[in-house]
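Each chain is listed here by its residues.
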Amino acid sequence: MKDKVVLAYSGGLDTSVLIPWLKENYDYDVIAVCINVGQDAELVGLEERALSMGVSKVYIEDVKDEFMKEYVFPMVQSGAIYESKYYLGTSIARAIIAKTLVRIALKENAVAICHGCTGKGNDQIRFELGIAALAPHLKVIAPWRIWNISSREEEIEYLEQRGLPVPMKKEDSYSRDRNMWHISHEGLELENPWNAPNYEHLLKLGVSPEKAPDKATIISLTFNQGIPTHLDGVAMEPSALLEKLNELGGSNGIGIEDIVENRVVGMKSRGVYETPGGTILYAAHQELEHLTLDRETYRYKQEVALQFADLVYNGKWFTPLREALQAFVTSTQKVVTGDVKLKLYKGNIIPQGAKSPYSLYSESLASFTTGDLYDHKDATGFITLYGLPLRVRALMEAENNKNNK
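Criteria and cut-off values
Residues numbered from 1 in each chain as written. Predicted model: local features only at pLDDT ≥ 70, side-chain atom pairs only at ≥ 80, totals over all residues. Heavy atoms only, no water. UniProt positions renumbered as here; feature names shortened; annotations may be inferred. Core = buried A, V, L, I, M, F, W, Y, C linked by side-chain atoms within 4.5 Å. Buried < 20%, exposed > 50% of the residue type's maximum accessible area, 1.4 Å probe, protein only. Helix = DSSP H or I, 4+ residues; strand = E, 2+ residues; numbered from the N terminus. Contact = heavy atoms within 4.5 Å. 1 Å grid on protein atoms, 1.4 Å probe; cavity = no way out; pocket = protein on both sides within 12 Å on 5 of 7 lines; lining within 4 Å. Points joined across faces, edges and corners; volume = space filled by probe spheres on them. Patch = residues over 30% accessible without salt bridge, like charges linked within 9 Å, V, L, I, M, F, W, Y side chains within 5 Å. Areas by Shrake-Rupley, 256 points an atom, 1.4 Å probe, with all protein chains shown as cover. Salt bridge = Lys/Arg side-chain N within 4 Å of Asp/Glu carboxyl O. Lys, Arg positive; Asp, Glu negative; His and termini not counted. Charge placed at Lys NZ, Arg CZ, Asp CG, Glu CD.

Per an unreviewed UniProt entry, the recorded name for the chain is Argininosuccinate synthase, and the organism is Candidatus Cellulosilyticum pullistercoris. As its UniProt record puts it under Sequence similarities (unreviewed entry), the chain is described as follows: "Belongs to the argininosuccinate synthase family. Type 1 subfamily." Here the chain is described in UniProt, under the heading Subunit (unreviewed entry), as follows: "Homotetramer."

Right, here's the structure in full:
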């Protein structure tokens, strides 16, 4: 009996070439695994294509609900954004993909997992760190770091020489990655950071702010312990809620980010990310946190968000530090319950109000009317003590200046 290898399979040209290459160079039975994190339309005919290439078995795993509940929502709770712009759409999906690949590899008693990532990208790191954390005994095969194939033309020739079908998607030469949380775009004019993105041809989830309606859209979101549960008062499952927010955000030009980011491998890359629904969720969640978290907790949580974003981006989801930070985040979310109103208008998200049973805002304290908890006269002593270091320093400098004359 031959050994088995689990192949992370998308159905496209790059991963299709891996099937005959693995069989020829390793003499493995190849098990193709496609993990559906929201790219549903791309999966039509995928099983038939994989079998025609010579795989022994095909898995198509729908993990959308798990993706939202166990990965995306905890990330939203954390407030993690990479380098101020990137909502980590591709990064967070790689964690659940790695976990699913490992699960099937263990089920099938496979000896290896193969991926089609290049040696320049982040995804090779994310996949391989996930595999190492969950199943360190499994071998990882990364053909782009081994073989001599160097272009799509050579991939096509490789298949044609073996009489195998050449799967070619209808595409416009942008390199894209899509899931239910976002879609990324790289290539063409984006390779020069001086060039403006061609939004007319590039955008897939929405329109540019200029083409958004002149009339604003008002929405309300309800959260329970940092998790969104209702849109406009209607209870919705996570995937359905995000789908609707993507529709609303996209039509209003929300969530388009053009970023030159620092890859894990050291180089910079430029891309445009569309995350309409996610951008709305982050904005609403932040408004509720402003209302319910005290100053010290909120400030420290901002620091945690930076570290959390790095961990997600760098492929370190399955680490003790991420789990520990998640425990802190989960603790802070106990009071992040309530409702937020937002106005969506031509690429902007404008807060319209928030309420929570755990609100720390006191109208009587914030108003100019003196209440029982706060007397204006109390500020005098507070300012004297609060500014004491400044007074001491100023007196010291004055004394030194007098002595130096």
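Engineer: Run through the nonpolar core, naming residues and quoting values.
Structural biologist: Core analysis: the biggest nonpolar cluster contains 70 residues, and Val6, Phe67, Leu88, Trp181, Ile219, Leu221 and Leu281 have the highest contact counts within it. Ranked by residues supplied to this core, first place goes to helix 4 (residues 89-107) with 10 residues. The residues contacting Ile219, other than those within four sequence positions of it, are Leu231, Asp232, Leu245, Leu248, Ile280, Val340, Lys341, Leu342 and Leu344.

Engineer: Help me get a handle on empty space enclosed by the protein, residues and values and all.
Structural biologist: Summed over all chains, the structure comprises one cavity of 30 Å³ or more. Taken as a whole, the largest cavity encloses approximately 60 Å³ of empty space. Lining the largest cavity are Ser91, Ile92, Arg94, Ala95, Arg126, Val312, Gly315, Lys316, Trp317 and Phe318. In terms of residue count, helix 4 provides more of the lining of the largest cavity than any other element does, four residues in total.

Engineer: For a negative patch on the surface, give the residues involved together with the corresponding values.
Structural biologist: Where like charges cluster on the molecular surface, the negative patch consists of Glu153, Glu154, Glu157 and Glu160. As for its position among the elements, Glu153 is in helix 6 (residues 152-161). Judged by its relative accessible area of 58%, Glu153 falls in the exposed class.

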